[in-house]
Amino acid sequence: MHWDIVWNNFDYFLIGAYPEGPLGGMAMSILLALGGIFGAFWLGLLFGLMRLSKQKWIKWPAVVYIEIIRGTPLLMVIFWFYFLAPIVLGYTLPETSSALVAFIVFTSAYIAEIVRAGVIALPKGQTEAARGTGLSHYQTMVHVILPQSLRNMIPSFVNQFVSLTKDTSLAYIIGVNELMRTATQVNNRTLIAPTEIFITIAVLYFIICYVLTATSRRLEKQLSKYQARGN
Amino acid sequence: MAMIEFRNVHKWYGDFHVLKNINEEVEKGDVLVICGPSGSGKSTMVRCVNRLEEIDKGAIFMEGRDITKKTMNLNHLRSEIGIVFQQFNLYPHISVLKNVTLAPIKVKGVSKAEAEAMGMELLDRVGIRDQAHKYPIELSGGQQQRVAIARALAMKPKVMLFDEPTSALDPEMINEVLNVMKDLAREGMTMLCVTHEMSFAREVADRVIFMDGGEILEQGPPEHFFTNPQHDRAKAFLKEIL
């Protein structure tokens, strides 16, 4: 076994060539996942609420967006933004930015569905009570429905976050220097320790995801205290 | 001019004719009790007044204004009509006091301090001042329903709608809610109450109507209704519940 190869390159796996060179490795994977989930949350919230609208011209663009994205492999979405951006924008987006945009767009479609399901799952009486006191649709959403349903959505959000963290590995295909790519680079250079290298990478991905799910379980417990009951 | 007037009101759920030509007037300060078997349309009738349900034919007037026309500002209408539900429907994620103050602050633009002072006063009136900072789930059913009444009253409504307010309560909690409702009635609130609580109807109702199959079959002052119902179905119904 050649664990020394892993050991000698361990900081490269964690942070890439930083601080001498560009940031990479696991730090880059985490940054991509964080940026992706943050952007996807807001975009997904917007599309999810649009999807719930009774106005056709608000609802249908969201339906089309969600269905197209959900029916497309993530790798293809990454390629779209990487190869289409120069045509549309007139200049090349850096690999990292196009990957990030692809992650945001892709994940937001799933977040939109989570938001829709979460809002629908709340007892109808909550909306009726709020509208019954004269609150507008928007006020009802902001003050009554979303504070409750977003809490209920946390496990699904974390699930999506975990998924995205692992999916950031796909960015390696357009040359983003994230964890998967640092591993491939070291492996190509050394050639004799693929097993050790990829076991290490798997453990690193596992650690990130495990920390996320463990945190989510604790959050869930804390937040489950005050839930709406009944119909 | 009547506070609330139903004029030839019809409503269908698909093929099901849930309200059949409802005509009814409730004067300012009057208490109307609506009873009848489940599925008779009584909840629907009440919920049409603040447009949680839409009617298909006819019209409903409030102080002479047609409130069922398309151009009606729903949020404004609803701010003038309080509603209390069978399942309380308190907001579980905020305190009892905030449940009461949310609408006055957001809809009427009342300042937070003013809304809280009024909220405490209302909670005092329904007898749960000390629970103001608890969450709804920490309260008993009867207490929760009293908070729901305070929440509705916080908008200073002209009319209060009660949709089976005691049906989801344990028997020992029914009276605490009914007492609040009776006080309200005596203070001159216009009320439309779907309820089977006959003690309430006897004490404070000005009129009782009995519905079945979407129609008003029997109506009159409570004494007349309880002692001398004309319709067979009303007789059978009274026998069941008394």
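Just above sits the structure.
Predicted, not measured: the structure shown is a model, and the values here were computed from it.

**A word on the overall build of chain A**
- Looking only at helices and strands, one finds 10 helices and zero strands in chain A.
- Traced from its N-terminal end to its C-terminal end, chain A shows the element sequence α-α-α-α-α-α-α-α-α-α.
- If one aligns the C-alpha atoms of chain A with their principal axes, the spans along those axes are about 70 × 45 × 30 Å.
- Every one of the 231 residues in chain A was classed for burial, and the buried ones make up 46%.
- Long-range contacts, defined as pairs at least 24 residues apart, comprise 72% of the intrachain contacts of chain A with a sequence gap of at least 6.
- With an accessible surface of roughly 12,100 Å², chain A has 66% of that area assigned to carbon and sulfur atoms.
- Charged side chains of chain A number 17 positive and 11 negative; the gap between the two group centres comes to 19 Å.

**Description of the interface of chain B and chain A**
- Each partner contributes to the interface: chain B provides 24 residues, whereas chain A provides 23 residues.
- When chain B packs against chain A, the two sides together hide about 2,100 Å² of surface, and 60% of this comes from carbon and sulfur.
- Area buried by chain B at its contact with chain A is led by Pro92, His93 and Ile137 of chain B, which between them contribute 28% of it.
- In this structure, the salt-bridge partner of Arg47 of chain B is Glu128 of chain A, at a minimum N-O distance of 2.7 Å.
- Counting every contact that joins chain B to chain A gives six residue pairs in polar contact (both at pLDDT 80 or more).
- Take the side of chain B that touches chain A: its biggest share by element is four residues, from helix 3 (residues 96-108) of chain B.

**Concerning the packing of helix 3 (residues 25-52) of chain A against helix 4 (residues 56-70) of chain A**
Residue and element names in this part refer to chain A.
- It is at 7 Å that the axes of helix 3 and helix 4 come closest, and there the two elements cross at 125°. Put simply, helix 3 runs oblique to helix 4. For the element pair helix 3 and helix 4, the recorded crossing hand is left-handed. For the pair formed by helix 3 and helix 4, the contact residues are Leu43, Phe47, Met50 and Arg51 on the first element and Ile58, Lys59, Pro61, Ala62, Val63, Tyr65 and Ile66 on the second.

**Brief notes about the sheet that holds strand 10 (residues 215-220) of chain B**
Residues and elements named next belong to chain B.
- Taking strand neighbours across the sheet as the criterion, the six strands line up as 6-7-8-3-9-10 in an open arrangement whose pairing is mixed. Only two strands of the sheet have a single partner each, and these edge strands are strand 6 (81-84) and strand 10. With direction set aside, neighbouring strand axes in the sheet form an average angle of 15°.
- The sheet contact formed by strand 7 (residues 159-163) and strand 8 (residues 190-194) spans five bridges and is parallel. Residue pairing in the sheet places Asp163 in a bridge with Val194 of strand 8.
- The strands touched by helix 6 (residues 171-186) within the sheet are strand 3 (31-35), strand 7 and strand 8, with strand 8 carrying the most contacts at an inclination of about 145°.

**Focus: a nonpolar patch on the surface**
Residues and elements named next belong to chain A.
- Taken together, the side chains of Trp60, Val64, Ile68, Met76, Trp80, Leu84, Ile87, Val88, Leu89 and Tyr91 make up a nonpolar region of the molecular surface, amounting to roughly 1,000 Å² of accessible area.
- Elements supplying a minimum of two residues to the nonpolar patch: helix 4 and helix 5 (74-89).
- Top contributing element to the nonpolar patch by residue count: helix 5, with six residues.
- Positionally, Tyr91 belongs in the loop between helix 5 and helix 6 (95-121).
- A residue is classified by how much of its surface remains accessible, and Tyr91, at 52% relative accessible area, is exposed.

**Let's talk about the pairing of strand 4 (residues 57-62) of chain B**
Residues and elements named next belong to chain B.
- Looking at chain direction, strand 1 (residues 4-13) and strand 4 are connected through five bridges and run antiparallel. Across the sheet, residue Ile4 finds its bridge partner in strand 4, namely Met62.
- Bridging between strand 4 and strand 5 (residues 65-66) involves two bridges; their strand directions are antiparallel. Paired with Phe61 across the strands is Asp66, a residue of strand 5.
- The antiparallel pairing of strand 4 with strand 5 creates a hairpin that spans two residues between the two strands, and Glu63 there sits at a positive phi of about 50°.

**Description of the sheet that holds strand 4 of chain B**
- Within the open sheet, the four strands sit side by side as 2-1-4-5 (chain B). Their pairing is antiparallel. Edge positions in the sheet fall to strand 2 (16-26) and strand 5 of chain B, since each has one partner strand and no second.

**With respect to the nonpolar core**
- Ranked by internal contacts, the top residues of the largest apolar core, which has 93 residues, are Phe13 of chain A together with Ile4, Phe6 and Leu192 of chain B.
- Beyond its immediate chain neighbours, meaning those up to four positions away, Phe6 of chain B contacts Ile22, Asn23, Glu24, Met45, Val49, Ala59, Ile60 and Leu192 of chain B.

**Here's the deal with helix 4 (residues 112-125) of chain B**
Residues and elements named next belong to chain B.
- Its 14 residues give helix 4 an end-to-end C-alpha distance of 20 Å, which sits within 8% of 20 Å, the value for a rise of 1.5 Å per residue.
- Among the residues of helix 4, those classed as buried are Ala115, Met118, Gly119, Met120, Leu122 and Leu123.
- Considering only its buried residues, helix 4 is in contact with helix 3 and helix 5 (141-153).

**Some remarks on the pairing of strand 1 of chain B**
Residue and element names in this part refer to chain B.
- Of the strand pairs in this sheet, strand 1 and strand 2 are connected by seven bridges, and their pairing is antiparallel. When the sheet's bridge partners are listed, Lys11 is paired in strand 2 with Leu19.
- Counting the residues that bridge the hairpin from strand 1 to strand 2 gives two residues, and of these Gly14 lies at a positive phi of roughly 60°.

**So, helix 10 (residues 194-223) of chain A**
Residues and elements named next belong to chain A.
- Taking 1.5 Å of rise per residue, 30 residues should cover 44 Å, and helix 10 covers 43 Å from first to last C-alpha, within 8% of that figure.
- Looking only at helix 10, the buried set comprises Glu196, Ile197, Thr200, Ile201, Leu204, Tyr205, Ile208, Cys209, Leu212 and Ser216.
- Buried positions along helix 10 lie against helix 1 (3-8), helix 2 (10-15), helix 3, helix 8 (137-167) and helix 9 (179-190).

**A look at the packing of helix 4 of chain B against helix 5 of chain B**
All names here are of chain B.
- It is at 9 Å that the axes of helix 4 and helix 5 come closest, and there the two elements cross at 135°. As the angle between them shows, helix 4 and helix 5 are arranged oblique. Classified by chirality, the crossing of helix 5 by helix 4 is right-handed. Of the residues in helix 5, those in contact with Leu122, Leu123 and Arg125 of helix 4 are Val147, Ala150 and Leu153.

**Focus: the packing of aromatic side chains**
- Tallied over the entire structure, the rule returns 11 aromatic pairs over all chains.
- With 6.0 Å between their ring centres and 25° between their planes, Trp7 of chain A and Phe10 of chain A make a pair best called stacked.
- On the accessibility criterion, Trp7 of chain A (65% relative accessible area) is exposed.
- Plain terms: the ring middles of Phe41 of chain A and Trp42 of chain A are 5.0 Å apart, the flat faces sit at 80° to each other, and that makes the pair edge-to-face.
- Among the aromatic residues, ring-to-ring pairing joins Phe210, Phe225, Phe226 and Phe237 of chain B into one connected group.
- Seen from the ring of Phe226 of chain B, Arg202 of chain B lies directly overhead, with NZ or CZ sitting 4.6 Å from the centre.

Conventions and cut-offs
- Residues numbered from 1 in each chain as written.
- Chains lettered and ligands numbered in written order.
- Predicted model: local features only at pLDDT ≥ 70, side-chain atom pairs only at ≥ 80, totals over all residues.
- Heavy atoms only, no water.
- Helix = DSSP H or I, 4+ residues; strand = E, 2+ residues; numbered from the N terminus.
- Buried < 20%, exposed > 50% of the residue type's maximum accessible area, 1.4 Å probe, protein only.
- Contact = heavy atoms within 4.5 Å.
- Areas by Shrake-Rupley, 256 points an atom, 1.4 Å probe, with all protein chains shown as cover.
- Lys, Arg positive; Asp, Glu negative; His and termini not counted.
- Charge placed at Lys NZ, Arg CZ, Asp CG, Glu CD.
- Buried area = accessible area lost by both parts, 1.4 Å probe.
- Salt bridge = Lys/Arg side-chain N within 4 Å of Asp/Glu carboxyl O.
- Polar contact = N/O pair within 3.5 Å; in protein donor to acceptor, adjacent residues only side chain to side chain.
- Axes fitted to C-alpha atoms, helices over the stretch in contact; angles between N-to-C directions.
- Parallel < 35°, antiparallel > 145°, perpendicular 65-115°, else oblique.
- Left-handed = near helix turned anticlockwise from the far one by under 90°.
- Pairing = 2+ DSSP bridges.
- Patch = residues over 30% accessible without salt bridge, like charges linked within 9 Å, V, L, I, M, F, W, Y side chains within 5 Å.
- Core = buried A, V, L, I, M, F, W, Y, C linked by side-chain atoms within 4.5 Å.
- Expected span 1.5 Å × (residues − 1).
- Phe/Tyr/Trp six-rings, centres within 6.5 Å; stacked < 30°, edge-to-face > 60°.
- Lys NZ or Arg CZ within 6 Å of the ring centre and 35° of its normal.

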